[in-house]
Amino acid sequence: QVQLVESGGGSVHTGGSLRLSCAASGRTFSRHTVGWFRQAPGTERQFVASIYWNGGGTDYADSVKGRATISKDNGKNTLYLQMDNLKPEDTAVYYCAAAPRFVPQSIEREYDYWGQGTQVTVSS
């Protein structure tokens, strides 16, 4: 079992930055796929970014390319998402997700473990 706890959300103005963190416990990430998804009110959850823990291959949604950077700290078993030049359309609850194997990174149903989410609000 893997427990995921997100933090770092908040309220910023357009153009601001936030760094989201996802601390994992219960199992040390190794051959895992870990990533971020987000869900705005009234919409389905959508892929944001993902990384293969062993190897570091990344994938990003087109909507955040150039503005988001996913990274990891092996020693802390923690995943990060740096979001810059935030826009009001980035407003959503951001979820951390993990799968104990290599999976297609943008496919939500491939992930087994989910955090509770952290709210990001961007105002103009």
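Computed from a predicted model, the values in this text were never measured in an experiment.

**Student:** Outline the state of the cysteines, listing residues and values.
**Tutor:** Tallying each qualifying case throughout the model produces one disulfide. Disulfide pairing places Cys22 opposite Cys96 at an S-S distance of 2.0 Å. Looking along the S-S bond of the Cys22-Cys96 disulfide, the torsion reads about -80 degrees, which is the left-handed sense. In this pair, Cys22 is assigned in strand E3 (residues 18–25) and Cys96 in strand E9 (residues 92–99), connecting sequence segments 74 residues apart. When sorted by exposure, Cys22 lands in the same class as Cys96, which is buried.

**Student:** Residue-level account of the pairing of strand E4 (residues 33–39), with values.
**Tutor:** Counting buried positions along E4 gives six out of seven residues, so the element sits mostly inside the fold. Relative to strand E5 (residues 46–52), E4 runs antiparallel, the two sharing six bridges. Residue pairing for E5: Phe37 is matched across the bridge by Phe47. Linking E4 to E5, which pair antiparallel, is a turn of six residues; within it Gly42 sits at a positive phi near 75 degrees.

**Student:** An account of the sheet that holds strand E1 (residues 3–7) is needed here, citing residue identities and associated values.
**Tutor:** Strands sit in the order E1-E3-E8-E7 across an open sheet of four strands; the sheet is antiparallel. Every other strand in the sheet has two partners, leaving E1 and strand E7 (68–73) as the edge strands with one partner each. Looking at each pair of strands side by side, their axes are set apart by 20 degrees on average, direction ignored. Looking at chain direction, E7 and strand E8 (residues 78–83) are connected through six bridges and run antiparallel. Looking across to E8, one finds that Ile70 is bridged to Leu81.

Cut-offs used in this document
Residues numbered from 1 in each chain as written. Predicted model: local features only at pLDDT ≥ 70, side-chain atom pairs only at ≥ 80, totals over all residues. Heavy atoms only, no water. Disulfide = S-S within 2.5 Å. Helix = DSSP H or I, 4+ residues; strand = E, 2+ residues; numbered from the N terminus. Buried < 20%, exposed > 50% of the residue type's maximum accessible area, 1.4 Å probe, protein only. Pairing = 2+ DSSP bridges. Axes fitted to C-alpha atoms, helices over the stretch in contact; angles between N-to-C directions.

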